[in-house]
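Here are the chains, one letter per residue:
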Amino acid sequence: MMLTLFKDFYLIGFIPHGHCYLWQTGLVWLNIIGDATIAISYYSIPCLLVYFIFQRKDVPFNGVFLLFGAFIIACGTGHLMDIWTLWYPDYWIAAGLKAFTALISIYTAFALVYLIPLALKLPSPAQLETANQALKSEIVERKRIEQELRIAEEIATNSSQAKSEFLANMSHELRTPLNGILGYTQILQRTESLTEKGHKGLDIIQQCGSHLLTLINDVLDLAKIEARKLELNPIDFYFPAFIDSVTEICRVRAEQKGIGFYVQLSADLPVGIRADDKRLRQALINLLGNAIKFTEKGSVNFKIEVKATQEEFQKLPIHKIRFEVRDTGVGMNPEQLQKIFLPFEQVGEQKRQIEGTGLGLAITHKIITLMGSQIEVKSEFGQGSSFWFELELPEAKDWAKASRAIPQGTVVGYEGKKRKILVVDDRWQNRLVVTNLLEPIGFVVIEASNGKEAISQLNSHQPDLIITDLMMPLINGFEFINQLRHSSKFEKTPVIASSASVFETDQYRSIDAGANAFLPKPVDAEMLLEVLRKYLLLQWIYDDKAKKNHAYHAANTDNQENITPPTIEVLQQLMELVKDGDIEGILEMAKQISIFDEKLNKFAGQITHFASNFQIQLLEEFVQQYLPIN
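> Can you help me understand the nonpolar core in this one?
Note on soluble globular proteins: their nonpolar side chains tend to be buried together. Ranked by internal contacts, the top residues of the largest apolar core, which has 37 residues, are Phe239, Phe323 and Phe389. Put simply, the parts of the chain that give this core at least two residues each are helix H7 (239–257), strand E3 (272–275), helix H8 (277–293), strand E4 (299–310), strand E5 (318–327), helix H11 (360–370) and strand E7 (384–394). For this core, the leading source of residues is H8, giving eight residues. For Phe389, the contacting residues outside a window of four places in its chain are Leu280, Leu284, Leu287, Ile321, Arg322, Phe323, Ile368, Ser373, Gln374 and Ile375.

Okay, structure coming up:
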C-alpha cells in the first residue's frame with residue numbers, strides 16, 4: 001500500500017521542492033530562515049504604511065500606498081509559499097500567487113506613472129523653506145500694520161473723545177448764559193407789565209436766544225451722531241396731530257414769504273404710529289424749511305403716502321410710509337448735489353447761505369440713516385428739487401395715553417402747605433432764574449453755590465425737593481446726590497439734576513447717582529413745573545384768564561341741566577371710543593347723535609369740540625359725568 005502511494009505521488013504529481021536540495025538539513029533550514037525573514041519584513045512594511053495612512057489622511061497618495069502594500073504582502077506570501085513547497089508540491093497555487101503579484105505590480109506601476117507628474121509638482125523642501133521665509137516676513141509686516149492701525153485707532157479715539165469733551169464744555173459754557181437770557185425772558189413775559197414795544201423786544205430776545213440754542217443743539221446733534229451716541233427713543237403717538245404740528249410751523253414760514261404750501265395725505269395713513277417723534281419732526285422740518293428758504297415763487301408740496309403694509313402675525317401691522325418734499329425753488333446742479341449732505345456745506349446763493357450753518361441736511365441725512373432708510377434727491381437747476389425717504393413704522397393703538405394732558409394756562413400757585421426747594425448752582429444767574437420762577441407762585445427757595453454749602457443747608461431748612469447743578473467746585477452734583485442717597489434722613493428726598501450739558505452720559509450718570517429726573521438748561525418753565533407737580537404731588541392753581549379758557553371745556557356746559565345726554569348704551573359706546581382714542585369714530589358718532597334727536601345737539605356739539613381739538617382727557621371727564629357711578 002505505501003509503495004503504491006509513493007509511486008502515484010511521483011508518477012502523477014510533482015515532487016516536493018526539498019528534493020532539489022537533496023534534503024540537506026543545512027541548506028533546507030537556510031532557505032526556510034531566509035524566506036521566513038523576508039516574509040516577516042515584507043509584512044511589516046504594509047503595516048507601517050497602513051499606520052501612516054491612518055495618521056495622515058490628508059496625504060494625496062494614499063491609494064498608491066495601499067496598492068504598494070498589497071504588492072508587498074503578495075511578495076511576502078510568495079516567500080512563505082516557497083517554504084510550503086519544500087514539503088508540499090502545490091506549484092499551481094504558488095504560480096497563481098505569482099500571477100496575482102504580477103497583476104498588482106503592473107497596476108501599481110501604471111498608477112505611479114499617472115501620479116509621478118503630480119508628485120513632481122509638489123514644492124521641494126527648498127521651495128517650502130523659501131515660502132516659509134516669505135510667510136514669516138508677511139506675518140511680521142502684518143503685525144507691524146496692525147500695530148500702526150491700533151495706534152491710529154487709539155489716536156482717533158482720543159481725538160474723538162477730546163472733541164466730545166470740547167463740545168460738552170462749550171455746550172455748558174454757551175448754554176449757561178442762554179439759561180439766564182431765556183429764563184429771564186420767560187420771567188418778564190409772565191410777571192412784568194410792558195409796553196407793546198417792550199413785549200416786541202422780549203419776543204426778539206427770545207427768538208434770537210432760541211435760534212442760538214438751536215444752532216448749538218445742531219452742532220451737538222452732529223457730534224453725537226458721528227460719535228454714535230445719538231439714540232432713537234420711539235414712542236406711540238397720534239400721527240394726524242403730528243403731521244398738523246409740522247405743517248402748521250412750515251405753513252407760517254411759507255405764508256410769510258408769499259409762496260404756496262400744499263399738503264397731500266393719502267387716505268390710508270395709520271392713526272397711530274410708533275417712532276421717535278422728536279427726530280422725525282426734526283428731519284421733516286429741516287427738509288421743509290430748506291425747501292421754503294430756497295423757493296422765492298411757486299410752491300412747496302409736502303406729500304405723505306403709504307407705499308405698502310406688512311401684516312405681522314399676532315402683531316400690529318408695519319406700514320412703509322413715504323415722505324416727500326417738492327419745491328419750485330432754485331434747484332441744484334450735479335456738482336452741488338454731491339455736497340448737500342456734507343456738514344457745513346451750503347449751496348445756492350450767498351444771500352441764503354447766511355441763514356443757516358449748513359448742518360440741517362447733514363443731520364437729517366444721518367437721522368434718516370439711523371432710522372434705517374436713505375434720503376433720495378432729484379433736482380434740476382432753476383426748476384426746483386424733490387427730497388424723499390421711506391420708513392417702515394409699526395402701527396400703534398395706545399397713542400391716546402400721550403394725549404391726555406392739556407395746557408391749563410399760567411400757574412399762579414398750588415394747593416396745600418408751602419413747599420421748600422433747595423437750588424444748588426455755582427452760577428448766581430441760574431439760581432436767580434429758578435428763584436424768580438418759583439417764589440411768585442408760593443415756593444420757599446433756598447440757595448447754595450455748591451454741594452458743600454448745600455449739605456449745610458439741608459439740616460437747617462429740610463427742603464421738600466432739591467434742584468442741583470452737576471458741574472460745581474468743592475463738591476460737584478454727582479457727589480452731592482450720592483451723599484444724599486446714603487443719608488437716612490434725605491435718602492427719599494426728590495432730587496432733580498440740572499445741567500447745561502446735553503450729553504446722555506451726564507444724564508445717565510446723574511440718574512445712576514440717585515437723581516429722580518434730569519432737567520436740561522436753559523430751564524424751560526413748563527418742564528420745571530411739570531417735574532415739581534410730579535414729584536411733589538401738587539395741584540396747580542391757575543390765573544382767572546386761564547380758568548376762563550379752561551372753563552369753556554369743563555364749566556361752560558350751558559349749566560349742564562340744559563344739556564340732554566343720550567342713553568347709557570350710547571354713552572358707554574362713546575366712552576369705548578374715547579379710551580381707544582378713535583377721533584374719527586367719536587366725530588362720526590357725535591354726528592349720528594345730532595341727527596337722531598335734536599335735543600342732543602348741545603351734547604353732540606360739546607363732544608365735537610373736544611374731539612376736534614384732541615382734548616381726550618376733558619372729553620373723557622365730560623362723558624364720565626353722565627354715566628352712573630359703579
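More follows now that the structure is in view.
> Explain the packing of helix H12 (residues 428–438) against helix H16 (residues 525–536) to me, please; I cannot follow it from the model alone.
Angle between the axes and distance between the axes: these two values describe a pair of packed helices. Orientation of H12 relative to H16, taken along the N-to-C sense of each, is 70°, at an axis distance of 11 Å. In terms of axis orientation, H12 runs roughly perpendicular to H16. Seen along the crossing, H12 lies across H16 with a hand that is right-handed. When H12 is examined against H16, the residues Val434, Leu437 and Leu438 are found in contact with a partner set consisting of Ala525, Leu528, Leu529 and Leu532. Classifying every residue of the contact of H12 with H16 by side-chain character gives seven nonpolar, no polar and no charged.

> What is the right way to look at the pairing of strand E11 (residues 465–469) in this model?
Counting buried positions over the five residues of E11 gives five, a clear majority of the element. The side-chain alternation of E11 yields two buried faces, one formed by Leu465, Ile467 and Asp469 and the other by Ile466 and Thr468. Where strand E9 (residues 420–424) meets E11, four bridges bridge the pair, whose relative direction is parallel. Considered in E11, the bridge of Val423 is made with Ile467. As defined by bridge partners, E11 adjoins strand E12 (residues 495–499) across four bridges and the pair is classed as parallel. Paired with Asp469 across the strands is Ser498, a residue of E12. Between the parallel elements E11 and E12, the chain passes through helix H14 (residues 477–485) in a crossover that is right-handed.

> I would appreciate a short explanation of the pattern of salt bridges in the present structure.
Once the charged atoms of two side chains with opposite charge are near each other, the side chains can pair. Inspection of every chain in the model, using the stated rule, returns twelve salt bridges. A salt bridge links Arg142 to Glu138, with the shortest nitrogen-to-oxygen separation between them at 3.5 Å. Of this pair, Arg142 and Glu138 are both found in helix H5 (residues 125–191), four residues apart, which corresponds to roughly one turn of the helix. Salt-bridge contacts for Asp236 lead to Arg274; the nearest nitrogen and oxygen are separated by 3.0 Å. Linking Asp236 in strand E1 (residues 235–238) with Arg274 in strand E3, this pair joins segments that are 38 residues apart in sequence.

Rules behind the numbers
Residue positions are given per chain, counted from 1 along the sequence in the order it is written. A pLDDT threshold of at least 70 governs which residues receive local features in this predicted model, and a stricter bar of 80 or more applies before side-chain atom pairs are shown or counted, although totals over entire chains, interfaces and linings include all residues. To obtain the side-chain values, all non-hydrogen atoms of the structure were included, while hydrogens and water were left out. For our purposes a nonpolar core is just a set of buried Ala, Val, Leu, Ile, Met, Phe, Trp, Tyr and Cys residues, chained together by side-chain atoms within 4.5 Å. Burial classes: relative accessible area under 20% of the type maximum marks a residue as buried, over 50% as exposed, and values in between as partly exposed (1.4 Å probe, protein chains only). The numbering of helices and of strands both runs from the N terminus, where a helix is a DSSP run of H or I of at least 4 residues and a strand a run of E of at least 2. By definition, residues are in contact when any of their heavy atoms lie within 4.5 Å. Helix axes use the C-alpha atoms of the stretch in contact, all axes being lines fitted to C-alpha atoms, and the angles between their N-to-C directions lie in the range 0 to 180 degrees. An angle counts as roughly parallel when it lies under 35 degrees, as roughly antiparallel when it exceeds 145, as roughly perpendicular when it falls between 65 and 115, and as oblique in every other case. A crossing counts as left-handed when the near helix is turned anticlockwise from the far one by less than a right angle, and as right-handed when that turn is clockwise. Each residue gets one label: Ala, Val, Leu, Ile, Met, Phe, Trp, Tyr, Cys and Pro are nonpolar, Asp, Glu, Lys and Arg are charged, and the others, such as Gly, are polar. Any two strands with at least two DSSP bridges between them are considered paired. We call a crossover right-handed when, viewed with the strands running away from us, the connection from the first strand over the helix to the second turns clockwise. Each reported salt bridge corresponds to a side-chain nitrogen of Lys or Arg within 4 Å of a carboxyl oxygen of Asp or Glu.

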